[in-house]
Amino acid sequence: MFAAGDMAVYPSHGVGHIEDIEVQAIGGIDQSFYILKILDNDMTIMIPTATSENVGLRPIISKNEVKKVIDILKDRDIKVSAQTWNRRYRDYMEKIKTGSVFEVAVVLRDLLLLKGDKDLSYGERKMMDTAKSLLIKEISLAKKIEEEKVAKQIDKIFV
């Protein structure tokens, strides 16, 4: 699915660079692994190639999909859940863990809209920052523009 040099998205960690594909013997059986270096923090992750789709490893979104992400962020015809902050936090964390850029966009939108109504918990603020960072990195790579421009575009949506 991927080759060395490709960019890929790993759920919860964000965009990374496939540095290599290695074969290692585990339990006497040769297994192939993607060596993924996460761009934000230089963390290196080994992902078995055979199960990479199961863990959510996916390519960067296309320019057409960026429009759908922006549409999700602009959608105000939603009702933000009135549940307790810790229940919301768990629900949003599940969405981020899916690895879907669209689910991450929903989390960011909901938290930014909620922030306009009330103070967010520390965990929610941290999650909002994480969701924003994940979106900025992926959209900037998809559109081949600087991250600062993407951040400004997202900020403009919520002014």
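Shown above is the structure to which this text applies.
The rules behind the values
Residues numbered from 1 in each chain as written. Predicted model: local features only at pLDDT ≥ 70, side-chain atom pairs only at ≥ 80, totals over all residues. Heavy atoms only, no water. Phe/Tyr/Trp six-rings, centres within 6.5 Å; stacked < 30°, edge-to-face > 60°. Helix = DSSP H or I, 4+ residues; strand = E, 2+ residues; numbered from the N terminus. Buried < 20%, exposed > 50% of the residue type's maximum accessible area, 1.4 Å probe, protein only. Lys NZ or Arg CZ within 6 Å of the ring centre and 35° of its normal. Pairing = 2+ DSSP bridges. Contact = heavy atoms within 4.5 Å. Axes fitted to C-alpha atoms, helices over the stretch in contact; angles between N-to-C directions. Core = buried A, V, L, I, M, F, W, Y, C linked by side-chain atoms within 4.5 Å. Expected span 1.5 Å × (residues − 1).

### A word on the packing of aromatic side chains
Part 1: Throughout the structure, instances matching the rule amount to one aromatic pair.
Part 2: Where Phe2 meets Tyr34, the ring centres are 5.6 Å apart and the plane angle is 85°; that geometry is what we call edge-to-face. Of this pair, Phe2 sits in the segment before strand E1 (7–10) while Tyr34 sits in strand E3 (residues 29–38), and the two are 32 residues apart along the sequence. As far as the burial class goes, Phe2 and Tyr34 line up, both buried.
Part 3: Of note, Lys68 hangs over the ring of Phe102, and the distance from its end group to the ring centre comes to 4.4 Å.

### A look at the sheet that holds strand E5 (residues 58–59)
Part 1: Reading across from one edge, E4-E3-E2-E1-E5 is the order of the five strands in this open sheet, with antiparallel pairing throughout. Strands with a single pairing partner mark the edges of an open sheet, and in this sheet they are strand E4 (44–48) and E5.
Part 2: Sheet strands in contact with helix H4 (residues 122–143) are E1, strand E2 (14–26) and E5, and its direction is about 90° off that of E2.

### A word on the nonpolar core
Part 1: Ranked by internal contacts, the top residues of the largest apolar core, which has 29 residues, are Val69, Leu73 and Leu135.
Part 2: Contributions of two or more residues to this core are made by helix H1 (63–74), helix H2 (85–97), helix H3 (101–117), H4 and helix H5 (147–157).
Part 3: Once you skip the residues sitting within four places of it in the chain, Leu135 turns out to touch Val69, Leu73, Val101, Val104, Ala105, Leu108 and Ile154.

### Considering H1
Within an α-helix, residues lying three or four positions from one another point in the same direction, as the helix has 3.6 residues per turn.
Part 1: With 12 residues, H1 extends 17 Å from end C-alpha to end C-alpha; this agrees with the ideal 16 Å at 1.5 Å per step.
Part 2: Buried residues along H1 sit in contact with H3, H4 and H5.

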